[in-house]
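# Secondary and tertiary structure notes
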Amino acid sequence: DTAVSQTPKYLVTQMGNDKSIKCEQNLGHDTMYWYKQDSKKFLKIMFSYNNKELIINETVPNRFSPKSPDKAHLNLHINSLELGDSAVYFCASSQNRGDYGYTFGSGTRLTVV
Amino acid sequence: AQSVTQPDIHITVSEGASLELRCNYSYGATPYLFWYVQSPGQGLQLLLKYFSGDTLVQGIKGFEAEFKRSQSSFNLRKPSVHWSDAAEYFCAVGNTNAGKSTFGDGTTLTVKP
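Keep in mind the model is a prediction, meaning the values are calculated, not measured.

Okay, the overall build of chain B next. Scanning chain B from N- to C-terminus turns up zero helices and twelve strands. Counting from the amino terminus, helix and strand elements in chain B follow one another as β-β-β-β-β-β-β-β-β-β-β-β. Taking 2.2 N^0.38 as the reference for a compact globule, 113 residues should give roughly 13 Å; the C-alpha atoms of chain B span a radius of gyration of 13 Å, in line with that estimate. Projected onto its principal axes, the C-alpha coordinates of chain B cover approximately 45 × 30 × 20 Å. Each of the 113 residues in chain B was classed as buried or not, and the buried ones make up 46%. Partitioning the intrachain contacts of chain B with sequence separation of at least 6 by distance along the chain shows that 53% fall at a separation of at least 24. For chain B, the exposed surface amounts to about 5,200 Å²; the carbon and sulfur share of it is 48%. When the 9 basic and 9 acidic side-chain charges of chain B are each reduced to a single mean position, those positions are 4 Å apart.

Structural data, given as structure tokens:
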């Protein structure tokens, strides 16, 4: 039973399209995150939600919009995809917003062509 | 602002040899420190974490790390490396107020037979 699951695992799409990535955690954690890993493997936080409340919103284009329907789910919607959006997107969760270590999903590799 | 430096981009060790991966951090208060491992095509897995107390922390898979405040370091060690340890290793510093971790750029570990 996967602790943090993301779908899809791979996503290939054309520029200008809109796509969504879904994430679910069954750990009972309060806080969830989206991280972006670029081709050089640099990890950068994008968003964080604590109990459905947005608590971290880093400098990310407005085309990216997170949504958390409940504390076990965090989705990422991307409008008007650009080539530079190609990356691996990781969902993660932690027990609470105090950040005591993350449990990561296996990632979604997004390729924009 | 918190930051993490991993001075070694790539390290190669022979199977059975000892390993030390370096991590230096910058943080205004007592840091929360983490090491994660990422196998190819996988998400990150938490190896160990330091919050307070004993400066030598034990983790999973036979890894340990030592917190040295005077050197702002949190180096990861393993006495005998196995071929399955080949992966990308990330050091991270956590900010419990902001509720987010900042990751280093990673060190790629190659294990020679």
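Below, the discussion takes up the sheet that holds strand 1 (residues 4-7) of chain A. Residue and element names in this part refer to chain A. The strand order across the open sheet formed by four strands is 1-3-8-7, and the pairing between neighbours is antiparallel. For this open sheet the edge positions go to strand 1 and strand 7 (64-70), each flanked by a neighbour on one side alone. Neighbouring strand axes in the sheet, compared pairwise and without regard to direction, differ in orientation by 15° on average. As judged from the five bridges shared by strand 7 and strand 8 (residues 73-78), these two strands associate in the antiparallel manner. Across the sheet, the residue bridging to D70 is H73, located in strand 8.

On the chain A side, the residues contacting the 23 residues of chain B number 20 residues. Counting the surface lost from both chain B and chain A, the interface buries some 1,700 Å², and carbon and sulfur atoms represent 53% of this. Considering only the surface of chain B that becomes buried against chain A, B:L44, B:K100 and B:F103 emerge as the three largest contributors, covering 27% of it. Our count for the chain B to chain A interface comes out at two salt bridges. Salt-bridge contacts for B:K100 lead to A:E58; the nearest nitrogen and oxygen are separated by 3.1 Å. The interface formed by chain B and chain A holds five residue pairs in polar contact (both at pLDDT 80 or more) in total. Elements represented by at least two residues in the side of chain B that touches chain A include exactly strand 5 (32-38), strand 6 (44-50), strand 10 (87-95) and strand 11 (100-103) of chain B. Split into classes, the residues belonging to the side of chain B that touches chain A amount to nine nonpolar, ten polar and four charged.

Now for the state of the cysteines. Residue and element names in this part refer to chain A. Summed over all chains, the structure comprises two disulfides over all chains. Paired through a disulfide, C23 and C91 show a sulfur-sulfur distance of 1.9 Å. The sign of the S-S torsion, about -75°, decides the handedness of the disulfide formed by C23 and C91: left-handed. Taken as a pair, C23 in strand 3 (residues 19-25) and C91 in strand 9 (residues 87-94) lie far apart in primary sequence, 68 residues in all. Here C23 falls in the buried class, since its relative accessible area comes to 1%.

By secondary structure assignment, the location of A:L43 is in strand 5 (residues 43-50). Sequence spacing of A:L43 and A:R97 is 54 residues, and the spatial spacing of their C-alpha atoms is 19 Å. Not counting chain neighbours up to four residues away, the residues in contact with A:L43 comprise A:Y35, A:K36, A:Q37, A:F90, B:L44, B:F90 and B:F103.

About the thresholds
- All residue numbers here refer to positions counted from 1 along the written sequence of the relevant chain.
- Think of it this way: whatever chain is written first is A, whatever ligand is written first is 1, and the rest follow in order.
- Totals for whole chains, interfaces and linings use all residues, but because this is a predicted model, local features are given only for residues with pLDDT of at least 70 and pairs of side-chain atoms are given and counted only at 80 or more.
- Think of the side-chain values as coming from all heavy atoms in the structure, minus any hydrogens and water.
- Helix and strand definitions follow DSSP, with helices as H or I runs of at least four residues and strands as E runs of at least two, each counted in order from the N terminus.
- In this treatment the radius of gyration is a C-alpha quantity, and the globule benchmark scales as 2.2 Å times the residue count to the 0.38 power.
- Relative accessibility under 20% of the residue-type maximum defines a buried residue, over 50% an exposed one, and the middle range a partly exposed one, all with a 1.4 Å probe and only protein chains included.
- In this analysis, two residues are considered to be in contact whenever any of their non-hydrogen atoms come within 4.5 Å of each other.
- Computed with a 1.4 Å probe, the accessible areas rest on the Shrake-Rupley method; for each residue, only the protein chains presented here act as cover.
- Positive: Lys, Arg. Negative: Asp, Glu. His and the chain ends are not part of the count.
- Throughout, a charge is located at the NZ atom of Lys, the CZ atom of Arg, the CG atom of Asp or the CD atom of Glu.
- One bridge is not enough; two strands pair if DSSP finds at least two bridges between them.
- Here an axis means a line fitted to C-alpha atoms, over the contact stretch when the element is a helix, while the angle between two N-to-C directions is reported on a 0 to 180 degree scale.
- Note on terms: buried area is the combined drop in 1.4 Å-probe accessible area of two parts once they are placed together, counting the loss on both.
- A carboxyl oxygen of Asp or Glu within 4 Å of a side-chain nitrogen of Lys or Arg is what we treat as a salt bridge.
- Identification of polar contacts relies on pairs of N or O atoms within 3.5 Å, with a donor-acceptor requirement for protein atoms, meaning one able to donate a hydrogen and the other able to accept it, and with residues adjacent in sequence counted only if both atoms are side-chain atoms.
- Throughout this entry, Asp, Glu, Lys and Arg are counted as charged residues, while Ala, Val, Leu, Ile, Met, Phe, Trp, Tyr, Cys and Pro are counted as nonpolar. The remaining residues, Gly among them, count as polar.
- We call a pair of cysteine sulfur atoms a disulfide whenever their separation is within 2.5 Å.

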